[in-house]
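Given next are the chains, with one letter for each unit.
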Amino acid sequence: MCIQKENYAKKPPKTTSYYTFFYIIFQVIGLLLLYSVYSWIIHFRGGFSLTNAKLIPNWHPLFMSIVLIYLFANAVLHYRSFRNTKQNLKNQHAIFFGCIISIIMIAGLATLNSYRFRPLFTNPAIPNLYSLHSWLGIITFSMIVLQFISGFWIYLYPKVAAQYREMMMPYHVFFGISSFVLAIVSGGLGFCEKIIFSLDKGYEQLPAEGIVGNCLGLLCIFYGGLVVYMVTKPEFKRDPTATEYQPLIEQH
């Protein structure tokens, strides 16, 4: 299939070392966030288990932090972090989000199914899908799925003309960043919700776990702000070439 070449205005040289500095900070903070969530569950919430009903819900904040915050952030920055890749970049981006969607579906189903375990540690049982955290989680997941489907069709399907890809790119970027921001907000609310349910009125005394929970929320928000800065800073934008729009399915 012949791919129409696109014209791109020349841009000033990129500050690669400047981006590398921010990328290292980004990875350190992301891993620190995951380690902090893990340590919080281990030291304050009793750890993890696949058989103990009281500990099964503890998997939710850890896996959602891994998938919906850390991996999502890496997927958002994938284009700017791996500048030497060409047509494979979009394929990797699609595979990245395909894995994220699959893991979120498994984690979400496990959370909904955990309702039958909740009478063992909350009486009465806490219902599903009533809080702002859960609503934002559903909206975020829906936006990710729509982004994945539309992105696959627009950028990897061979019959879509190059001019339409260029026209849709600002919308694809906008909704991708919006989805990530919603994921960060949902994560912060999730930490707060978990602390409130766990400590109840004890949260008012600001115990050690309350401080840890608040710090997790602040770290999550700072991490999200750093990612948005890196993905929107003009100097960090890569120069696309026509070869990057090679379709996933070749047409002869």
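Values in this document were obtained by computation on a predicted structure and should not be read as measured data.

Visitor: Mind laying out the packing of helix α2 (residues 59–76) against helix α7 (residues 208–232), listing which residues take part and the relevant values?
Guide: Between α2 and α7, the least distance of the axes is 10 Å, while the angle of their chain directions is 10°. Relative to α7, the element α2 is oriented roughly parallel. Two secondary-structure elements touch here, α2 through I69, Y70, A73, N74 and V76 and α7 through C220, Y223, V227 and V231. Considering only residue class, the contact of α2 with α7 consists of 8 nonpolar, 1 polar and no charged.

Visitor: I'd love a proper account of the nonpolar core, names of residues and values included.
Guide: By size, the foremost hydrophobic cluster in this structure holds 43 residues, and its most contacted members are F26, F72, Y223 and V227. At the level of elements, α1 (16–44), α2, α4 (88–113), α6 (162–199) and α7 are the ones that each hand at least two residues to this core. Among the elements that take part in this core, α2 stands out by supplying 10 residues, more than any other.

Visitor: Could you give me a rundown of a nonpolar patch on the surface, with the residues and numbers involved?
Guide: Taken together, the side chains of L132, W135, V181, V185 and L189 make up a nonpolar region of the molecular surface, amounting to roughly 450 Å² of accessible area. Within the residue set of the nonpolar patch, elements represented by two or more residues are α5 (132–156) and α6.

Visitor: Provide a residue-level description of the packing of aromatic side chains, including the pertinent values.
Guide: Where two aromatic rings form a pair, the distance of their centres and the angle of their planes describe that pair. Per the counting criterion, the structure on display carries 17 aromatic pairs. Seen in terms of ring centroids, Y18 and F22 are 5.1 Å apart; in terms of plane orientation they differ by 80°. Their pairing is edge-to-face. Highlighted residues: Y18 and F22, both in helix α1, separated by 4 residues, approximately one helical turn. Residue class for F22 comes out buried when judged on its relative accessible area of 14%. Members of the aromatic cluster, joined through ring pairs, are Y18, Y19, F21, F22, Y23, F26, Y223, Y229 and F236.

Visitor: Describe α6, naming the residues involved and giving the relevant values.
Guide: In this model, α6 (38 residues) spans 55 Å end to end at C-alpha, consistent with the 56 Å of a helix rising 1.5 Å per residue. The largest bend in α6 comes to about 40°, at M168, with the proline P170 one to four residues further on. Positive phi shows up at D200, right after α6, with a value of about 55°.

Visitor: Help me get a handle on the confidence of the model for the chain, residues and values and all.
Guide: Chain-level pLDDT for the chain is 81 on average; 77% of the residues reach the 70-or-more range. Ranking the helices and strands of the chain by mean pLDDT puts α7 first, with 96, and α4 last, with 78. Ignoring residues within four places in sequence, the model shows residues 1–14, a span with pLDDT below 50, making 27 contacts including any to other chains. Within the model, the stretch residues 242–252 combines pLDDT values under 50 with 37 contacts to residues more than four positions away or in other chains.

Visitor: Give me the UniProt feature "transmembrane region" (unreviewed entry) in the chain: which residues, what numbers.
Guide: Per the UniProt record, the feature "transmembrane region" (unreviewed entry) sits at residues 21–42, 62–82, 94–115, 135–157, 169–191 and 211–231. Taken end to end, residues 135–157 has its terminal C-alpha atoms 32 Å apart, with 96% of it in helix and 0% in strand. Its end C-alpha atoms 33 Å apart, residues 169–191 is made of 100% helix and 0% strand.

Visitor: How would you explain the pattern of salt bridges if you had to name every residue and give the values?
Guide: It is possible for side chains of opposite charge to pair when their charged atoms get near one another. Applying the stated criterion to the full structure yields 2 salt bridges. The salt bridge partner of R45 is E209, with a shortest N-O separation of 2.7 Å. Taken together, the positions of R45 in the loop between α1 and α2 and E209 in helix α7 put the pair 164 residues apart, joining distant regions of the chain. A residue is classified by how much of its surface remains accessible, and R45, at 23% relative accessible area, is partly exposed. With relative accessibility at 5%, the residue E209 sits in the buried group. Between E235 and K233 there is a salt bridge; the shortest N-O distance is 3.6 Å. Residue classification places E235 among the partly exposed residues on the basis of a relative accessible area of 39%.

Rules used throughout
Residues numbered from 1 in each chain as written. Predicted model: local features only at pLDDT ≥ 70, side-chain atom pairs only at ≥ 80, totals over all residues. Heavy atoms only, no water. Axes fitted to C-alpha atoms, helices over the stretch in contact; angles between N-to-C directions. Helix = DSSP H or I, 4+ residues; strand = E, 2+ residues; numbered from the N terminus. Parallel < 35°, antiparallel > 145°, perpendicular 65-115°, else oblique. Contact = heavy atoms within 4.5 Å. Nonpolar A, V, L, I, M, F, W, Y, C, P; charged D, E, K, R; others polar. Core = buried A, V, L, I, M, F, W, Y, C linked by side-chain atoms within 4.5 Å. Buried < 20%, exposed > 50% of the residue type's maximum accessible area, 1.4 Å probe, protein only. Patch = residues over 30% accessible without salt bridge, like charges linked within 9 Å, V, L, I, M, F, W, Y side chains within 5 Å. Areas by Shrake-Rupley, 256 points an atom, 1.4 Å probe, with all protein chains shown as cover. Salt bridge = Lys/Arg side-chain N within 4 Å of Asp/Glu carboxyl O. Phe/Tyr/Trp six-rings, centres within 6.5 Å; stacked < 30°, edge-to-face > 60°. Expected span 1.5 Å × (residues − 1). Bend = angle between axes of the 7 residues up to and from the residue. pLDDT = per-residue confidence, 0-100. UniProt positions renumbered as here; feature names shortened; annotations may be inferred.

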